[in-house]
Amino acid sequence: MRKFTGLILLVIALIPTRTGVSAPETMDAPPEPASGAVVCLPGVYDLPPDNCVPLGPSQELTRRAGQGIPYPILPLPAYAPDPALVDIPYRYLKLVPEDKVLYFFDSLSGAMDNSISGVSAGPGFVYVSYVERVEVDGSAYYHLRSGDWVRPDFTARVAMHMPFQGLLFSSTPATSFGWVLGEVPSYTQPGYGAPTTGSTYHRYDVVQIYTIQQEDDNTWLMIGQDEWLDYRHVARVDPRSTPPEGVTSSRWIEVNLDEQTLAVYQDDHLVFATVIASGTGAWATRVGLFQIYEKKETETMSGATEADRSDYYYLQDVPWTMYFDEKRALHAAYWHDGFGYPRSHGCINMALGDAHWLYDWANLGDLIYIYDTSAE
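Caption draft 1: Quick look at the sheet that holds strand 26 (residues 367–371). An order of 1-9-20-19-18-26-21 is seen for the 7 strands of this open sheet, with the pairing classed as mixed. The open sheet terminates on both sides in strands that have one partner only, identified here as strand 1 (78–79) and strand 21 (288–291). As judged from the 5 bridges shared by strand 18 (residues 251–256) and strand 26, these two strands associate in the parallel manner. For Glu254, the partnering residue across the bridge sits in strand 26 and is Tyr369. Relative to strand 19 (residues 261–266), helix 4 (residues 352–361) is tilted by about 30°, and along the sheet it contacts strand 9 (167–169), strand 18, strand 19 and strand 20 (269–275).

Caption draft 2: Region of the structure containing the pattern of salt bridges. Per the counting criterion, the structure on display carries 13 salt bridges. Across the pair Asp325 and Arg328 runs a salt bridge, and its minimum N-O distance is 3.2 Å. Looking at Asp325, the relative accessible area reads 4%, which means it is buried. Note that Arg328 is salt-bridged to Glu326, the shortest N-O span being 3.8 Å. Overall, the relative accessible area of 54% leaves Glu326 in the exposed class.

Caption draft 3: Looking closely at unusual backbone geometry. Backbone torsion omega between Val96 and Pro97 reads -5°, so that peptide bond is classified as cis. Along the chain, Pro97 turns up in the loop between strand 2 (91–95) and strand 3 (102–103). Residue Pro123 follows Gly122 across a cis peptide bond; omega there is 0°. If you trace the backbone, Pro123 turns up in the loop between strand 4 (120–121) and strand 5 (125–136). Notably, Asp216 is not glycine yet its phi reads approximately 55°, a positive angle. With respect to the element layout, Asp216 can be found in the loop between strand 14 (211–215) and strand 15 (218–224). Backbone geometry places Arg309, a non-glycine residue, at a positive phi of 60°. Relative to the elements of secondary structure, Arg309 occurs in the loop between strand 22 (294–303) and strand 23 (313–325). Among the residues examined, Arg309 registers a relative accessible area of 47% and is labelled partly exposed.

Caption draft 4: Geometry of helix 4. The buried count for helix 4 comes to 9 of 10 residues, which makes it a mostly enclosed element. For helix 4, the full list of buried residues reads Leu352, Gly353, Asp354, Ala355, His356, Trp357, Leu358, Tyr359 and Trp361.

Caption draft 5: Main features of the environment of Ala78. Within the element layout of this structure, Ala78 appears in strand 1. In sequence terms Ala78 and Ser170 are 92 residues apart; their C-alpha atoms lie 6.2 Å from each other.

Caption draft 6: Fine view of the packing of aromatic side chains. Evaluated as defined, the whole model comprises 19 aromatic pairs. Look at Tyr187 and Trp220: their rings are 5.6 Å apart centre to centre, the planes differ by 80°, and that puts the pair in the edge-to-face class. In this pair, Tyr187 sits in strand 11 (residues 184–187) while Trp220 sits in strand 15, placing the two residues 33 residues apart along the sequence. On the accessibility criterion, Tyr187 (12% relative accessible area) is buried. The buried category is assigned to Trp220, whose relative accessible area is 1%. For the pair Tyr293 and Tyr323, a centre-to-centre distance of 6.1 Å together with 35° between the ring planes defines the contact as tilted. Residue Tyr293 is located in the loop between strand 21 and strand 22, and its partner Tyr323 is located in strand 23; the two are separated by 30 residues in the primary sequence. Residue classification places Tyr323 among the buried residues on the basis of a relative accessible area of 9%.

Caption draft 7: Molecular detail of the sheet that holds strand 17 (residues 234–237). Spatially, 13-10-17 is the arrangement adopted by the 3 strands of the open sheet, whose pairing is antiparallel. Of all strands in the sheet, those with a lone pairing partner are strand 13 (206–209) and strand 17, marking the two edges. Adjacent strand axes in the sheet meet at a mean angle of 30°, parallel and antiparallel pairs treated alike. Inspection of the sheet shows strand 10 (residues 176–180) paired to strand 17 by 4 bridges, in the antiparallel sense. Along strand 17, the bridge assignment pairs Trp179 with Ala235.

Caption draft 8: Spotlight on the state of the cysteines. According to the stated counting rule, one finds 1 disulfide in the structure shown. Between Cys40 and Cys52 runs a disulfide, and the two sulfur atoms are separated by 1.9 Å. Linking Cys40 and Cys52, the disulfide has an S-S dihedral of approximately 95° and is accordingly described as right-handed. With Cys40 in the loop between helix 1 (2–14) and helix 2 (57–66) and Cys52 in the loop between helix 1 and helix 2, this pair connects stretches of sequence that are 12 residues apart. Grouping residues by exposure puts Cys40 and Cys52 together as buried.

Caption draft 9: Here's a closer look at the nonpolar core. Grouped together as the largest cluster of nonpolar side chains are 65 residues, with contacts concentrated most on Ile253, Leu262, Val264, Leu330, Trp357 and Leu358. Considering each element in turn, this core owes the most residues, 7 residues, to strand 23. Ignoring anything within four residues of it in the chain, the contact list for Trp357 reads Leu85, Leu168, Val264, Val271 and Phe272. Residues Leu95, Val128, Tyr142 and Tyr312 belong to the second largest nonpolar core, which totals 14 residues.

About the thresholds
- Residues numbered from 1 in each chain as written.
- Predicted model: local features only at pLDDT ≥ 70, side-chain atom pairs only at ≥ 80, totals over all residues.
- Heavy atoms only, no water.
- Pairing = 2+ DSSP bridges.
- Helix = DSSP H or I, 4+ residues; strand = E, 2+ residues; numbered from the N terminus.
- Contact = heavy atoms within 4.5 Å.
- Axes fitted to C-alpha atoms, helices over the stretch in contact; angles between N-to-C directions.
- Salt bridge = Lys/Arg side-chain N within 4 Å of Asp/Glu carboxyl O.
- Buried < 20%, exposed > 50% of the residue type's maximum accessible area, 1.4 Å probe, protein only.
- Phe/Tyr/Trp six-rings, centres within 6.5 Å; stacked < 30°, edge-to-face > 60°.
- Disulfide = S-S within 2.5 Å.
- Core = buried A, V, L, I, M, F, W, Y, C linked by side-chain atoms within 4.5 Å.

If you want it as structure tokens, here you go:
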């Protein structure tokens, strides 16, 4: 009996004990007891919970939340404007080549006889608007909306750029967003030394922006989990929740010259946004707070600032023009599709449908807040 009892005590003594031993701690999870613990359900935690271990999906979701990526990822509360907004009743001719003079004639017979009347445009950047094309002996003569006629010698019909439209919003987005400005790959980390993701974005693709980070003296935008784009390839909008300084109305238009974007707010909510082209070089669009003081459904614009008139331009029937700063205006641009980059003589160029939408929305006296966040 004593031998049996001693054997039992010996076996008990040899059994290893876990007293004082616990699972290794991590920064993201509380210590796990010896008997194990319940893994947290998928969720986002500001602080590690004490009733479960935030591992697996919950740990990953918390990591993403720290990067600004919400769960679940929601699409932008946005939708496309009416495509009919791009339709306009105008047809255009371009002066070709630009180093020639385009002469206007007061009649078809005058144009056929080439009897110079003295009225002309150019040399320079010249576009005219016509209502009728008449062929005589195999040559096409154009009757302009202004009533003049032009010969076919130096004119070419214009194929207008109409594919792009901005976005309408049902509510203000929770994240920044933007339009990609070219065909560019995304990277797995910020920096051109990182591997690419295999995805390529194209001009006017819309992306959401969750985080902005500096790397290699450049700014990078996180557009998805482990997916980054160089900020120079994106025209970004950072939605506001309150009016900017100086705006006392709940209704205003905002232009970011650095990002080349325009945003429209009504009742303090974002209702429309798009990409624009502002003034460049010596004709840079001025920053400040302005008001729309005149609206014109069409306008003929012309001018030159250089002494040799090398920057001369003449543009008939510029649609949906809204003046806000002397001769500077918001208006449609039918002669280019270079939105996202400065290129005008100080005006805010917009795509046809976007300018049409804004013209219908805007009232005389509406505020336009123009600012530039760049070092320039």
